[in-house]
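# Report on the structure
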Amino acid sequence: MQIIQGILDLGATIMMPIVLFIMAMIFGQKVGKSLRSSLMVGVAFIGIFAVLNATLGTIGPAVQALADGLGIDVLGTDIGWPVASAITWSFSWAGLIIPIGFVVNWIMLGFGWTKTFDADIWNYWHWTFTAAMTYIWTDNLWLAFALAIVVEVITIKLGDWTAPLTQKYFGIPGTSLPHTETVNWAPFNMAIEKAVLSKIPALQKSKMDTENLREKIGFWGEPMMLGLYIGLALGIFIWAVSDYSWKIILELGVAIPALIFLEGRMIGILIDGLTPIVDGVRDTFQKSERFKDREILIGIDAGPIGLANPASVVVGMVGIVIYLLLTLIIPGYKILPLADLAIVPIYYMFAAAASKGNLWKTLINGTLSSLLLLYLTSSFAPQLTEAAQLVEYGLPAGVLLISSIDVGAHLLPWMIIMPVVGIVLGDLNMIIVPLVIAALWVLAWVYARDMPEKLAKELDEA
Amino acid sequence: MADKYLIYVACGSAAASAALARRRLIDELEKRNIKADVEVHRILELPGAVANRKPNVVVVTAGQAPAALPEEIIIVQGIPLMTGFGIDALVDDMLAKLEGK
């Protein structure tokens, strides 16, 4: 036991490779390949945190200087989803979510509760994240796992529900998108379309050649280039309102692209290492005779689908500016969107699907849901910051608060974690707002339950 | 048949899932002893990448067809690389098209 505890204490860069190697063995992968892949995961973890350390020391204090200049109390930094997920995976028990998530999915399939087999193992981190946040608040691992499972079950059901539309609209037959941080906005997006936007005649026409626009965005809309514009603009602001010299403009003009670009590369390495586990799970599924004659939808990652969708990409570029402005205008938003601005299009993708790609509707609908998203980004920040410290990942000096927009997109986990944790801690203030939002969310889902089917039919007829 | 193929995997983000798709394609090609360079490109930058260096095949994993590409480039629907199911058939199809050239 002492040895196991000793290994767990060594941290993610050592513990994760060992856990993954054992899991790859259990799922019947070859020794040599598993060893190489597991090691790669450890390498990627070091890379992710090195990138953050190398850039956040410049970015974090500059963001806080902006806050001071504007008279805002605290302004934290959006460190991006790759780091947020890496922090999440760094808990010693995090790897367990992969087999647990797989078994839960298996049971759901066995009882005919879902059509989705979620092959997007990487994004099981949404459930790990649910568990991590619950654990930080309550120190109760059983409760943490229980809530993670609840979130998984509902997310998979959301994938089933939206599948008729997502297959048609995004052109991905045979799949569903059980991808928490995007699909959990679908009930609101569908309901807003059904109740309001579809009834405004002026909005129905707007036809624009998005394909053409998407091509124009091409090079200039590359994440690294976006980082440059954001960095320069932010630098100018900071130079104007604080005692930083003009050099900060150029420093941020390189630091923010570096954060965005290098995080992306590191995640690529991490995934390369995770592949044997992912494919081992898939093979186990494929060998099973039980699901042979059933219609099965394979759950995939929604991220790259949204980032390739013309309406989401075009509106998402406008969304970047909207996110920044909203954060500076609305009091209570405590995290300045930065690293995750590169993936803003994915938070518009279900608004795009709900309107079948109508740009104005996508903009209005997606921005409405983003108001809540930015609030959640702040709401999760203290616990994510604590998690970062708990997994013995030191934050650079001058960085008080971190979060990520993508973490804030985890609406479903938030609606479930907050009330439960509030009850456990006896803190009524935590319970009320999430419960009201959750009630609205359930109503929205019930009200709009026919929408994905109906929209898919309309796409067929068009 | 060329000595070595150049294959572009066109994805939405060139991050997590693109790496997975690339790894799976490479593994399947290695199994069949087929030499190929596999590069990942974001779908938005695909026209630029193709103009720069023309691949034999473009595998699209993001669902939506890419912007107009030169006719001689073979385009393959790459959803199996995302789901992990049907990669065999995808590579069969791709090779048949390549050898048909």
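Residues numbered from 1 in each chain as written. Chains lettered and ligands numbered in written order. Predicted model: local features only at pLDDT ≥ 70, side-chain atom pairs only at ≥ 80, totals over all residues.

### A short note on the overall build of chain B
For clarity, the cut-off: In DSSP terms, a helix is any run of H or I states spanning at least four residues, a strand is any run of E spanning at least two, and both are numbered starting from the N terminus. With the radius of gyration taken over C-alpha atoms, the globule rule is written as 2.2 Å times the number of residues to the power 0.38. In this scheme every C-beta is placed from the backbone, and a residue whose C-beta has 20 or more other C-beta atoms within 10 Å is buried, one with 12 or fewer is exposed, and one in between is partly exposed. Residue pairs are scored as contacts if the distance between their C-beta atoms, which are placed from the backbone, is within 7 Å.
Secondary structure summary: chain B contains four helices and four strands in total. Counting from the amino terminus, chain B carries its helices and strands in the arrangement β-α-β-α-β-β-α-α. Whereas a compact globule of 101 residues would reach a radius of gyration of roughly 13 Å, chain B reaches 12 Å, a difference of no more than 12%. Overall, chain B is about 30 × 30 × 20 Å in size when its C-alpha atoms are taken along their principal axes. Buried residues in chain B amount to 47% of all 101 residues. Once local pairs closer than 6 in sequence are excluded, the contacts in chain B between residues at least 24 apart make up 55%.

### Quick word on the packing of helix α12 (residues 223-241) of chain A against helix α13 (residues 247-287) of chain A
Residue and element names in this part refer to chain A. The condition that has to hold: Axis lines are fitted to C-alpha atoms, over the contacting stretch for helices. Their N-to-C directions set the angle, which ranges from 0 to 180 degrees. Each crossing gets its handedness from the near helix: less than a right angle anticlockwise from the far helix is left-handed, clockwise is right-handed. Residue polarity follows a fixed list, in which Ala, Val, Leu, Ile, Met, Phe, Trp, Tyr, Cys and Pro are nonpolar, Asp, Glu, Lys and Arg are charged, and the others, Gly among them, are polar.
Their axes nearest at 7 Å, the elements α12 and α13 cross at an angle of 150 degrees. The handedness of the crossing between α12 and α13 is right-handed. Contact with α12, carried on its side by P223, M224, G227, L228, I230, G231, L232, L234, G235, I236, I238 and W239, involves I248, I249, L252, G253, A255, I256, P257, I260, F261 and G264 of α13 and no other residues of that element. Across the contact of α12 with α13, the residue classes tally to 17 nonpolar, five polar and no charged.

### Some details on the confidence of the model for chain B
So the rule is basically this: Scored from 0 to 100, pLDDT records how confident the predictor is in each individual residue.
In the predicted model, chain B carries a mean pLDDT of 84, and 92% of its residues have values of at least 70. Among the scores for the predicted complex, ipTM is 0.78 and pTM is 0.89.

### Topic: the sheet that holds strand β1 (residues 5-11) of chain B
All names here are of chain B. The following threshold applies: Pairing between two strands requires that DSSP report at least two bridges joining them.
Taken together, four strands build an open sheet; the order of strands is β2-β1-β3-β4 and the sheet is parallel. Both outer strands of the open sheet, β2 (36-42) and β4 (74-77), are each paired with one neighbouring strand and no more. Here the strands of the sheet are splayed against their neighbours by 25 degrees on average, with no regard to which way each runs. Bridge count for strand β3 (residues 57-60) against β4 is four bridges, and the pairing is parallel. Looking across to β4, one finds that V58 is bridged to I75. Along the sheet, helix α1 (residues 16-31) makes contact with β1, β2 and β3, crossing β1 at roughly 150 degrees.

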